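Residues per chain are reported as follows:
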Amino acid sequence: MVLSDYYGRRVLVSRLLTPSRPDITVMPTMKVTATTVRCLRCNAVSSKKSAALPHQQYYCRHCLQLGRVSTLDQFYHAEEPNQFPVQKHPLSWRGRLSPLQSRVSATICQGMNDHQRQLLWAVTGAGKTEMIFSGLADAIARGERVAVASPRVDVCLELFPRLQKAFAGVPIALLHGRQEEKYHYRQLTICTTHQLLRFYHAFDNLVVDEVDAFPYAANEALLFATKQAVKEDGGILMMTATPGPVLLREARQQEMAVSYLPLRYHGYPLPQIDERLVGNWRKQLHRGRLPLVVYRQIEQWTTTKQRFLLFVPHVADLEPIAAALKKTCPSLKLTTVYAADPQRLAKVAAMRQHQVQALVTTTILERGVTFPGIDLGVLGADAPVFSSSALVQIAGRAGRAKERPTGKVCFWVSSCCRNVNEARRQIAALNRRGKRLRNELSLM
Amino acid sequence: MKLSWHQLLGCGLGKDEAVCRECRSQFLTYSPPHCRGCGRTTEEEPFCLECQRWDQKLGWHLRHQCIFQYNQAMKEYIHRYKFQGDYLLRKVFSGIMTAKVKQEEADVVVPIPVSQSTLLSRGFNQVTGLVEVPLATPLAVVEQEKRPQSSRSREERLAIPQPFCWEDEHFRQILIGKRVLLIDDVYTTGRTMYYGAALLRQAGAKSVKSLSLAG
């Protein structure tokens with residue numbers, strides 16, 4: 001390995017080795033107490049009994065996917081030297097921000113300059129990514145090491161080409177668990193929040209996109225990962241359309257600066273949810289049928305060639321629904337995708353390239369992904385897997401394109417439930433605030 | 001955490017079960033007729049083609065048993081347990097593995113060894129972890145080119161030279177006239193097992209049987 005591989009990282013090596021260079025420091029992997037062991041990478045505590053290896057050695061089960069941390073190993077670490085070529089104007093993006101976006105963008109830019117803890121709360125489709133461009137550009141021009149992280153690999157995969165285009169002269173590292181490529185030291189890193197555990201005091205500024213998404217939200221290990229991946233005086237920018245109670249509390253207690261944008265970049269309101277009762281749809285599905293309302297809607301989409309996403313609560317629902325649709329709408333080209341699908345990335349790419357008209361999916365595509373001009377259906381929106389923030393995110397997939405700023409969002413439920421009501425209420429509230437903002441702007 | 005009625009009524013995970021019924025059901029056994037050499041299902045009774053080839057080549061054959069099929073679920077299990085080093089997962093199969101070993105009533109139970117360097121990085125021998133009976137460890141691995149078996153093709157595997165030697169010469173005496181059971185985690189081509197068994201036979205063991213978790 002070259003020395004730069006250790007910059008701002010903690011790399012596992014056997015305890016029997018000693019560093020070949022004086023600038024590599026050695027750090028312990030685990031803290032062993034009388035009854036428990038603590039992993040010094042992910043900070044998880046386990047009982048000695050469950051973490052035991054033979055001969056009084058211990059390992060951590062919690063972050064095993066990143067390579068096993070055990071008392072047989074040690075970490076090599078080299079302090080982050082910010083060894084980057086100077087780039088005065090790294091931003092090659094030539095798009096224009098709306099006046100509202102520019103205002104938020106300037107605040108964020110200043111916050112990143114001061115290495116603040118910030119929250120950017122902007123509705124789905126507000127153009128969050130574009131609003132951080134100038135902040136990132138300034139940070140890169142200052143020679144800072146920067147990362148954009150997200151809990152969702154799909155979000156990372158969508159961000160990568162966009163940032164590559166926007167920062168054409170800046171080499172970018174893309175890190176996620178499904179990837180074979182070797183690690184390279186880069187000024188700008190895009191990674192999943194899990195991968196942040198490999199870093200240690202590396203980044204001057206870290207942006208976390210979709211902070212409220214599973215598995216990041218309320219995951220102690222990942223919160224810990226964020227904290228230790230930035231330098232001690234580093235800044236963190238969290239971005240979301242649906243901040244959870246923890247973030248909102250922090251914001252209220254003024255532990256972080258909040259930028260708020262309740263209007264989409266094209267100025268149109270968010271599509272409101274159309275909620276319909278369909279009774280016991282699973283029972284009908286058992287007989288290979290879909291509820292009539294659902295069927296009529298999908299038939300309409302099929303005849304008008306309107307592309308759509310159909311969300312379902314569970315992986316087990318995918319196949320029967322796909323089979324029922326194949327029978328009733330044989331001309332409809334659709335495919336199913338779920339989290340552990342081996343062809344997941346390829347299928348999403350096929351949807352992007354218009355090779356299929358529809359995707360039937362679980363909550364994995366609820367956020368961070370944009371298919372322009374799409375319509376949406378959620379069958380069983382009252383299932384507990386759909387939290388209110390997930391439902392707002394799903395509804396937010398529609399109407400994102402300037403060419404088609406509206407869209408249909410159909411929620412089919414067996415019974416009325418709080419999460420759907422809450423989501424409808426949130427969308428209505430955001431639209432009210434957006435409208436007020438628009439009126440203010442037109443008066444100005 | 002959500003409690004189901006099953007768990008409340010005590011019919012969830014049993015006391016000695018490490019995985020739920022649904023996961024357990026993905027591990028499949030071999031249905032008869034079994035090959036008398038490798039223990040897998042075969043149409044060419046009593047020996048499958050592979051074992052016939054071994055018999056022609058060596059003049060003898062193994063009497064091996066595979067407890068489970070080496071299917072996708074088992075591959076994932078072995079990956080996580082052995083290659084990612086999740087030692088706690090030994091509990092998933094240590095019960096059934098121990099029971100099978102005891103059933104054989106061997107005088108000496110010998111695990112296939114792992115090399116010293118693997119032992120240092122992995123921290124455990126994946127075979128030893130699977131059984132909770134006293135084991136003898138007369139075999140050691142000759143240190144050579146370090147490359148995992150699983151990364152080799154079938155032909156490459158069959159071509160490797162004898163990888164084992166005696167841990168200590170006096171073990172040879174102990175084995176004379178004994179019924180020996182050789183155990184491993186996965187039986188693929190049989191190459192490893194045949195090398196291990198050959199050494200034990202040379203040492204004068206009365207009989208050599210073998211057992212693996214999967215194959």
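Draft legend 1. A look at the overall build of chain A. If you tally the helices and strands in chain A, you get eleven helices and 21 strands. Computed over C-alpha atoms, the radius of gyration of chain A comes to 24 Å, within 12% of the 22 Å expected from 2.2 N^0.38 for 444 residues, which places it in the range of a compact globule. Its C-alpha atoms give chain A principal-axis dimensions of about 70 × 60 × 40 Å. Considering chain A as a whole, with its 444 residues, one finds that 45% of them fall into the buried category. Long-range contacts, defined here as pairs at least 24 residues apart, represent 75% of the contacts in chain A between residues at least 6 apart.

Draft legend 2. Summary view of the domain arrangement of chain A. Residue and element names in this part refer to chain A. Partitioning chain A into structural domains gives domain 1 (3–77), domain 2 (99–261) and domain 3 (274–438). Here the C-alpha centroids of domain 2 and domain 3 sit 28 Å apart. Contacts between the two partners involve 16 residues from domain 2, matched on the other side by 13 residues from domain 3. Grouping the amino acids of the side of domain 2 that touches domain 3 by side-chain chemistry returns five nonpolar, five polar and six charged.

Draft legend 3. Here's a closer look at the interface of chain B and chain A. Taken together, the contacts link nine residues of chain B with twelve residues of chain A. Its residues placed into classes, the side of chain B that touches chain A shows four nonpolar, four polar and one charged.

Draft legend 4. Spatial organisation of the environment of A:Ala340. Residues and elements named next belong to chain A. Relative to the helices and strands, Ala340 is located in the loop between strand 18 (334–337) and helix 9 (344–352). Using a count of 8 C-beta atoms within 10 Å as the deciding quantity, one classes Ala340 as exposed. Through-space distance from the C-alpha of Ala340 to that of Ile364 is 9.9 Å; in sequence the pair is 24 residues apart.

Draft legend 5. A look at the packing of helix 10 (residues 388–395) of chain A against helix 11 (residues 418–443) of chain A. All names here are of chain A. Between helix 10 and helix 11, whose axes approach to 8 Å, the crossing angle comes to 55 degrees. In this view, helix 10 runs oblique relative to helix 11, as classed from their interaxial angle. Where helix 10 crosses over helix 11, the two elements pack in a sense that is right-handed. Every residue of helix 11 that contacts helix 10 at Ser388, Leu391, Val392 and Ala395 is listed here: Asn419, Val420, Glu422, Ala423, Gln426 and Ile427. Residue composition of the contact of helix 10 with helix 11, by class: six nonpolar, three polar and one charged.

Draft legend 6. Geometry of the sheet that holds strand 2 (residues 25–27) of chain A. Residues and elements named next belong to chain A. One open sheet accounts for three strands, arranged 1-8-2; its pairing is antiparallel. Strand pairing shows two members of the sheet lacking a second neighbour, strand 1 (11–14) and strand 2, which therefore form its edges. Averaged over neighbouring strand pairs, the angle between their axes works out to 45 degrees when direction is ignored.

Draft legend 7. Looking closely at the nonpolar core. Among the nonpolar cores identified, the biggest contains 113 residues, and A:Leu376 and A:Ala395 are the most heavily contacted of them. The contact partners of A:Ala395, leaving out residues within four places of it in the chain, are A:Leu270, A:Pro271, A:Ile273, A:Leu376, A:Val409, A:Ala423 and A:Ile427. Core analysis: the second largest hydrophobic core is formed by 40 residues, B:Cys38, B:Leu89, B:Leu182 and B:Leu200 among them.

Draft legend 8. Spotlight on the sheet that holds strand 10 (residues 146–150) of chain A. Residue and element names in this part refer to chain A. Reading across from one edge, 11-12-10-13-14-9-15 is the order of the seven strands in this open sheet, with parallel pairing throughout. With one partner strand each, in any of the chains shown, strand 11 (172–175) and strand 15 (257–261) form the two edges of the open sheet. With strand direction ignored, the average angle separating the axes of adjacent strands in the sheet is 15 degrees. Strand contacts of helix 1 (residues 99–113): strand 9 (117–122), strand 13 (203–209), strand 14 (230–240) and strand 15, with the helix running at about 165 degrees to strand 15, the strand carrying the most contacts.

Draft legend 9. View of unusual backbone geometry. Following B:Pro32, the chain continues into B:Pro33 via a peptide bond in cis, with omega recorded as 5 degrees. Backbone geometry at A:Asn82 places phi at a positive 50 degrees, although glycine is not the residue there. Within the fold, A:Asn82 resides in the loop between strand 8 (73–77) and helix 1. The residue A:Glu210 is not glycine, and still its phi comes out positive at about 55 degrees. Structurally, the position occupied by A:Glu210 is in the loop between strand 13 and helix 4 (220–229).

Draft legend 10. Highlighting the confidence of the model for chain B. Residues and elements named next belong to chain B. Per-residue pLDDT for chain B averages 85, and the proportion of residues at 70 or more is 90%. In this model residues 1–11 is a low-confidence stretch, pLDDT under 50, and it forms five contacts with partners more than four residues away in sequence or in other chains. As a predicted assembly, this complex carries a pTM of 0.81 together with an ipTM value of 0.83.

Draft legend 11. Representation of helix 3 (residues 153–166) of chain A in the model. All names here are of chain A. Taking 1.5 Å per residue, 14 residues should reach 20 Å; helix 3 reaches 20 Å between its end C-alpha atoms and fits that length. Of the residues making up helix 3, those classed as buried are Val153, Asp154, Val155, Cys156, Leu157, Glu158, Leu159, Leu163 and Ala166. For helix 3, the elements touching its buried residues are helix 2 (128–141), strand 10, strand 11, strand 12 (188–192), strand 13 and helix 9.

Draft legend 12. Broad picture of the environment of A:Cys417. Within the element layout of this structure, A:Cys417 appears in the loop between strand 21 (409–413) and helix 11. With 34 residues separating them along the chain, A:Cys417 and A:Ala383 place their C-alpha atoms 8.8 Å apart.

Draft legend 13. Molecular detail of helix 7 (residues 292–304) of chain A. Residues and elements named next belong to chain A. For helix 7, with 13 residues, the first-to-last C-alpha span of 18 Å sits near the 18 Å given by 1.5 Å per residue. Val294, Gln297, Ile298, Trp301 and Thr302 are the residues of helix 7 that are buried. In an axial view of helix 7, the angular spread of the buried residues amounts to 140 degrees, which keeps them on one side of the axis. In helix 7, those exposed residues whose orientation departs by more than 90 degrees from the buried face are Leu292, Arg296, Gln300, Thr303 and Thr304. Where the residues of helix 7 are buried, they touch strand 17 (308–311), helix 8 (315–328), strand 20 (375–379) and strand 21. Positive phi shows up at Lys305, right after helix 7, with a value of about 60 degrees.

Draft legend 14. Geometry of the packing of helix 1 of chain A against helix 2 of chain A. Residues and elements named next belong to chain A. Between helix 1 and helix 2, the least distance of the axes is 8 Å, while the angle of their chain directions is 30 degrees. Crossing angle aside, the handedness with which helix 1 passes helix 2 is right-handed. Across the interface between the two elements, Gln101, Val104, Ser105, Ile108, Cys109, Met112 and Asn113 from helix 1 touch Glu130, Met131, Ile132, Ser134, Gly135, Asp138 and Ala139 from helix 2. Looking at the contact of helix 1 with helix 2 residue by residue, the class counts come to seven nonpolar, five polar and two charged.

Draft legend 15. Focus on the environment of A:Leu197. Residue and element names in this part refer to chain A. In this structure, Leu197 sits in the loop between strand 12 and strand 13. The spacing of Leu197 and Lys227 is 30 residues in sequence and 9.6 Å in space, taken between C-alpha atoms. Discounting residues that sit within four places of it in the chain, Leu197 has contacts with Arg41, Cys42, Cys63, Leu66 and Ala225.

Draft legend 16. Molecular detail of the pairing of strand 10 of chain A. Residue and element names in this part refer to chain A. Burial analysis of strand 10 places five of its five residues in the buried class, which makes it a mostly covered element. Here strand 10 shows no split at all, with Val146, Val148 and Ser150 on one side and Ala147 and Ala149 on the other all buried. In terms of strand pairing, strand 10 meets strand 12 through five bridges, oriented parallel. The residue bridging Ser150 from the neighbouring strand is Thr192, located in strand 12. Sheet topology note: the strand 10/strand 13 ladder contains four bridges and is parallel. Bridge pairing in strand 13 links Val146 to Asn205.

Basis of the calculations
Per chain, residue numbering runs from 1 following the sequence as it is written. Each chain gets a letter, beginning with A, and each ligand a number, beginning with 1, in the order they are written. Selection of residues for local features in this predicted model requires a pLDDT of at least 70, selection of side-chain atom pairs for listing and counting requires 80 or more, and totals for whole chains, interfaces and linings are taken over all residues. Secondary structure follows DSSP: runs of H or I at least 4 residues long count as helices, runs of E at least 2 residues long count as strands, and numbering of each begins at the N terminus. The globule rule used for comparison is 2.2 Å times the number of residues to the exponent 0.38, while the radius of gyration itself is calculated over C-alpha atoms. For the exposure call, what matters is how many other C-beta atoms sit within 10 Å of a residue's own: 20 or more marks it buried, 12 or fewer exposed, and in between partly exposed, using C-beta atoms placed from the backbone. Residues are scored as being in contact if the C-beta atoms we place from backbone atoms lie within 7 Å. An automatic or database domain assignment provides the domain bounds reported here. Amino acids outside the nonpolar list (Ala, Val, Leu, Ile, Met, Phe, Trp, Tyr, Cys, Pro) and the charged list (Asp, Glu, Lys, Arg) are all regarded as polar, and Gly is one of them. The angle between two axes is taken between their N-to-C directions and runs from 0 to 180 degrees, where each axis is a line fitted to C-alpha atoms and a helix contributes only its stretch in contact. Orientation labels follow simple angle bins: below 35 degrees gives roughly parallel, above 145 gives roughly antiparallel, 65 to 115 gives roughly perpendicular, and whatever is left gives oblique. The crossing is said to be left-handed when, going from far helix to near helix, the turn is anticlockwise and less than a right angle, and right-handed when the turn is clockwise. When DSSP finds at least two bridges between two strands, those strands are taken to pair. Note on definitions: a nonpolar core is a set of buried residues drawn from Ala, Val, Leu, Ile, Met, Phe, Trp, Tyr and Cys, linked by C-beta atoms within 7 Å. For every residue, the predictor reports its confidence as pLDDT, a number between 0 and 100. In this scheme, a helix's expected span is set at 1.5 Å multiplied by one less than its residue total. The arc refers to the directions leading from the helix axis to the C-beta atoms.

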